[in-house]
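Here is how the chains run, residue by residue.
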Amino acid sequence: MNDANDQSGANEGLGLITPTMGPAARLRNYFLTGILVTAPLVITFYAAYVVVSFIDNTVTGLLPDTYNPNTYLPFSVPGVGLIVLFTTLVVIGFLTANFLGRLLIKWGEMLLERMPVIRNVYSAIKQIFETILKSQSTAFRDVVLVEYPRKGLWCIGFVSGTTKGEVQNLTADEMVNVFLPTTPNPTSGFLLFVPRKDMTKLHMTVEEGIKMVVSGGIITPPDKRVPSERQDDVIKPA
């Protein structure tokens, strides 16, 4: 019975029509359905347009007029800057993969190491990108449930690795690095060092967890566990 009521409420929230609805309710749900269908498309295309336009305006402005098709064509060609940027990054990656390229990178990093403030910024940014882009990295592969900021309150976090170094050596338990994002901006948050025994791994994917955080819990992924697992995995109060 509860499932039927939940489904009915979900249908009404999605703008679906039921036979018992009056004209006003039907009109309201048609309007909500229109927003639900068009808003994600419009926002996605607008965001893509803004990114491509920004790259085009930035990159094509650096091109000589001879190589810029926008200077001699009667119309502007969208995506030229994006193609140029992609090609440039591929070429840079190819050149730095050989011995000479690695040697130049090493010299450049040695030069940056002599700059007091810049070296710290460069080192932090490089470490973040290496962690995210390396295929062997296990960063942000697991979604976990942790008690925060006090017992009885639960938060979704993302495992960013196993704790090492001084932090682990000062603690008796096996610790795990957990990034606790904020809502609705998941790029900011807190770094927690959580005992492995005190966190619960969830079956949802990282993408599903991020959607749940960004939406403030409005978008909730379904429970993928079988009924027997749901009973066994219930968190018992301490």
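Predicted model, so just to flag it, every value in this text is computed and none were measured. (Residues numbered from 1 in each chain as written. Predicted model: local features only at pLDDT ≥ 70, side-chain atom pairs only at ≥ 80, totals over all residues. Heavy atoms only, no water.)

Peer 1: Kindly report on the overall build of the protein chain, identifying the contributing residues and their values.
Peer 2: A tally of helices and strands in the protein chain yields eight helices and five strands. Sequence-ordered secondary structure for the protein chain, helices as α and strands as β, is α-α-α-α-α-β-β-α-β-β-β-α-α. For the protein chain, buried positions account for 19% of its 238 residues. Excluding contacts between residues fewer than 6 apart, the proportion of contacts in the protein chain whose partners are at least 24 apart in sequence is 34%. Total accessible area computed for the protein chain in this model is approximately 17,900 Å², and 67% of it derives from carbon and sulfur atoms. (Helix = DSSP H or I, 4+ residues; strand = E, 2+ residues; numbered from the N terminus. Buried < 20%, exposed > 50% of the residue type's maximum accessible area, 1.4 Å probe, protein only. Contact = heavy atoms within 4.5 Å. Areas by Shrake-Rupley, 256 points an atom, 1.4 Å probe, with all protein chains shown as cover.)

Peer 1: I'd like a rundown of the nonpolar core, residues and numbers included.
Peer 2: Counting nine residues, the largest nonpolar core is built from V144, V146, V159, V176, V178, L180, L192, V194 and M199. Of all the elements in the fold, those that place two or more residues in this core are β1 (143-147), β3 (175-181) and β4 (189-195). When residues of this core are assigned to their parent elements, the largest contribution, three residues, is made by β3. Formed by seven residues, the second largest nonpolar core is a distinct cluster that contains V143, L145, F158 and V206. (Core = buried A, V, L, I, M, F, W, Y, C linked by side-chain atoms within 4.5 Å.)

Peer 1: Report on the packing of aromatic side chains, specifying residues and quantitative values.
Peer 2: Under the defined criterion, the tally for this structure stands at one aromatic pair. Ring centres of Y148 and F190 lie 6.2 Å apart, and the angle between their planes is 40°; on these two criteria the pair is classed as tilted. With Y148 in the loop between β1 and β2 (154-162) and F190 in strand β4, this pair connects stretches of sequence that are 42 residues apart. Y148 gets classed as partly exposed once you look at its relative accessible area, which sits at 28%. A relative accessible area of 44% means that F190 is categorised as partly exposed. (Phe/Tyr/Trp six-rings, centres within 6.5 Å; stacked < 30°, edge-to-face > 60°.)

Peer 1: Can you break down a nonpolar patch on the surface residue by residue, with the values?
Peer 2: Together, L36, V37, L41 and F45 make up an exposed nonpolar region whose accessible area comes to about 420 Å². Inspection of the secondary structure assignment puts V37 in helix α2 (residues 23-60). (Patch = residues over 30% accessible without salt bridge, like charges linked within 9 Å, V, L, I, M, F, W, Y side chains within 5 Å. Salt bridge = Lys/Arg side-chain N within 4 Å of Asp/Glu carboxyl O.)

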